[in-house]
Amino acid sequence: MSVTPIKPVKRVTVHTLEEMKQRGEKISMLTAYDFSLAKIVDDANIDVILVGDSASNVMAGHETTLPITLDQMIYHASSVIRAVKRALVVVDLPFGSYQGNSKEALNSSIRIMKESGAHAIKLEGGEEVTESVKRIISAGVPVMGHLGLTPQSIYKFGTYAVRAVEKEEADKLLRDAKILEDAGCFALVLEKIPAELATQVAQMLTIPVIGIGAGSGVDGQVLVLHDMLGINKDFSPRFMRRYLNLYEEIKTGVEQYISDVKAKDFPNEGEQY
Ligand code: KIV
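Remember, it's a predicted structure, so these values are computed and weren't measured experimentally. (Residues numbered from 1 in each chain as written. Predicted model: local features only at pLDDT ≥ 70, side-chain atom pairs only at ≥ 80, totals over all residues. Heavy atoms only, no water.)

1. Points about the pairing of strand β5 (residues 143-148)
Reasoning step 1: Of all six residues that make up β5, six are buried, and the element is covered over most of its length.
Reasoning step 2: The pairing of strand β4 (residues 120-122) with β5 spans two bridges and is parallel. Bridge assignment links I121 to a residue of β5, and that residue is V143.
Reasoning step 3: Assessed by its sense of winding, the connection that carries the chain from β4 through helix α6 (residues 130-138) to β5 is right-handed.
Reasoning step 4: Note: β5 against strand β6 (residues 187-191), five bridges, orientation parallel. Bridging across to β6, M144 finds its partner in A187. (Buried < 20%, exposed > 50% of the residue type's maximum accessible area, 1.4 Å probe, protein only. Helix = DSSP H or I, 4+ residues; strand = E, 2+ residues; numbered from the N terminus. Pairing = 2+ DSSP bridges. Right-handed = clockwise from strand over helix to strand, strands pointing away.)

2. Focus: the domain arrangement of the protein chain
You'll often see interface size given as the accessible area lost when the parts meet.
Reasoning step 1: Annotation of the protein chain at the domain level lists domain 1 (14-242) and domain 2 (246-273).
Reasoning step 2: Summarising the inter-unit geometry, the C-alpha centres of domain 1 and domain 2 are found 39 Å apart. (Domains from an automatic or database assignment.)

3. Describing the pattern of salt bridges
Reasoning step 1: Summed over the entire model, instances satisfying the criterion amount to 13 salt bridges.
Reasoning step 2: A salt bridge links E25 to R23, with the shortest nitrogen-to-oxygen separation between them at 2.9 Å.
Reasoning step 3: For R23, a relative accessible area of 54% puts it in the exposed group.
Reasoning step 4: Close ionic contact of D92 with K122 constitutes a salt bridge, the shortest N to O distance being 2.8 Å. Here D92, found in strand β3 (residues 88-92), pairs with K122, found in strand β4; they are 30 residues apart in sequence, far enough to count as distant. (Salt bridge = Lys/Arg side-chain N within 4 Å of Asp/Glu carboxyl O.)

4. A short note on the sheet that holds β5
Reasoning step 1: Strand order in the closed barrel formed by eight strands is β1-β2-β3-β4-β5-β6-β7-β8, and the pairing between neighbours is parallel. Adjacent strand axes in the sheet meet at a mean angle of 25° when their direction is disregarded.
Reasoning step 2: As judged from the two bridges shared by strand β7 (residues 209-212) and strand β8 (residues 220-223), these two strands associate in the parallel manner. Following the sheet pairing, G211 is matched in β8 by Q221. (Axes fitted to C-alpha atoms, helices over the stretch in contact; angles between N-to-C directions.)

5. Describing the site of the ligand
Reasoning step 1: Neighbouring the ligand are the residues T31, L50, G52, D53, S54, D92, K122, H146, E191, I212 and V224.
Reasoning step 2: In this structure, D92 approaches the ligand through a side-chain N or O atom, which is 3.2 Å from an oxygen atom.
Reasoning step 3: Within the contact set of the ligand, an oxygen atom lies 2.9 Å away from a side-chain nitrogen or oxygen of K122.
Reasoning step 4: When the free accessible area of the ligand is taken as 250 Å², the share hidden by the protein chains comes to 95%.
Reasoning step 5: The cavity that encloses the ligand is the largest pocket.
Reasoning step 6: Here the residues of the shell around the ligand are counted per class, giving three nonpolar, four polar and four charged. (Near = heavy atom within 4 Å. Polar contact = N/O pair within 3.5 Å; in protein donor to acceptor, adjacent residues only side chain to side chain. Areas by Shrake-Rupley, 256 points an atom, 1.4 Å probe, with all protein chains shown as cover. 1 Å grid on protein atoms, 1.4 Å probe; cavity = no way out; pocket = protein on both sides within 12 Å on 5 of 7 lines; lining within 4 Å. Sits in = over half its atoms within 2 Å of the grid points. Nonpolar A, V, L, I, M, F, W, Y, C, P; charged D, E, K, R; others polar.)

6. Structural notes on the pairing of β7
Reasoning step 1: Across the two faces of β7 the burial is the same, with V209 and G211 and I210 and I212 all buried.
Reasoning step 2: Relative to β7, β6 runs parallel, the two being bridged by four bridges. Bridging across to β7, E191 finds its partner in I212.
Reasoning step 3: With helix α9 (residues 195-204) bridging β6 and the parallel β7, this β-α-β connection has right-handed handedness.

7. Describing the layout of surface pockets
Reasoning step 1: Computed from the structure, the largest pocket encloses a volume of approximately 590 Å³.
Reasoning step 2: Considering the residues around the largest pocket, the lining is formed by 28 residues, among which S54, N57, E191, V224 and F235 are closest to the centre.
Reasoning step 3: Breaking the lining of the largest pocket down by element, the ones donating at least two residues are α3 (55-58) and β6.
Reasoning step 4: A class-by-class count of the residues in the lining of the largest pocket yields eleven nonpolar, nine polar and eight charged.
Reasoning step 5: Estimated volume of the second largest pocket: approximately 460 Å³.
Reasoning step 6: Forming the boundary of the second largest pocket are 22 residues, of which G125, G126, E128, T150 and K156 lie nearest the centre. (Points joined across faces, edges and corners; volume = space filled by probe spheres on them.)

Shown next as structure tokens:
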């Protein structure tokens with residue numbers, strides 16, 4: 001009897017992403033916050049899973065990303081890590097866990113890496129977080145940057161509108177992008193900025209640039225899983241493509257179950273002992 005050897009899964013690393021940019025292969029990235037959905041996303045061969053602080057909105061129902069805590073992010077990240085065999089798992093440093101100083105940023109990153117088993121962290125901001133970025137990387141933790149619409153600063157912006165439309169802000173974003181690359185970031189997320197500016201950043205940098213609402217000229221795309229699956233039907237910005245309408249599908253299934261229970265149709269003879 002011949003036994004077919006099981007092929008080991010080749011894990012995505014920060015170097016894989018660098019190589020993908022070099023050969024012009026687009027990077028796919030989605031959020032996940034729990035074991036069951038992370039398993040499906042990983043089995044589908046996504047390149048990067050982001051345990052985003054958007055869990056604050058999507059999982060906990062908060063209006064902003066600000067309330068989620070470091071302990072809660074570690075809980076979500078640990079659940080995702082237990083499901084993932086292939087993807088690179090990046091975890092957001094939540095608001096208040098890194099802005100104080102670079103020592104605080106390092107300690108928060110170490111907690112995420114040690115307690116969840118994640119592969120990298122992401123933080124928001126440009127020049128003002130450079131010292132933290134360098135300190136985290138010097139401890140061996142890969143860092144992904146995030147510029148443009150940075151939701152942790154929503155009360156400073158006052159709106160979720162497109163960022164860096166004016167020249168002054170666009171110039172600052174270009175400077176910040178270069179600073180983050182020079183500080184050692186392995187990739188950069190650009191959120192909700194003009195496509196032309198995002199393309200310019202992607203062409204200027206050697207590290208991969210991953211966009212959300214930043215057009216097609218970047219090196220990869222990221223979306224919030226619950227938005228693109230249509231679980232969350234109340235959020236539909238122009239940049240979002242909805243691949244399924246799971247809100248309706250799940251609701252229909254639940255309605256059918258209720259109706260079967262009320263009609264004494266469930267369980268039937270074959271569904272009992
Ligand atoms: O938290 C998140 O989901 C994110 C993405 C929108 C990039 O940061």
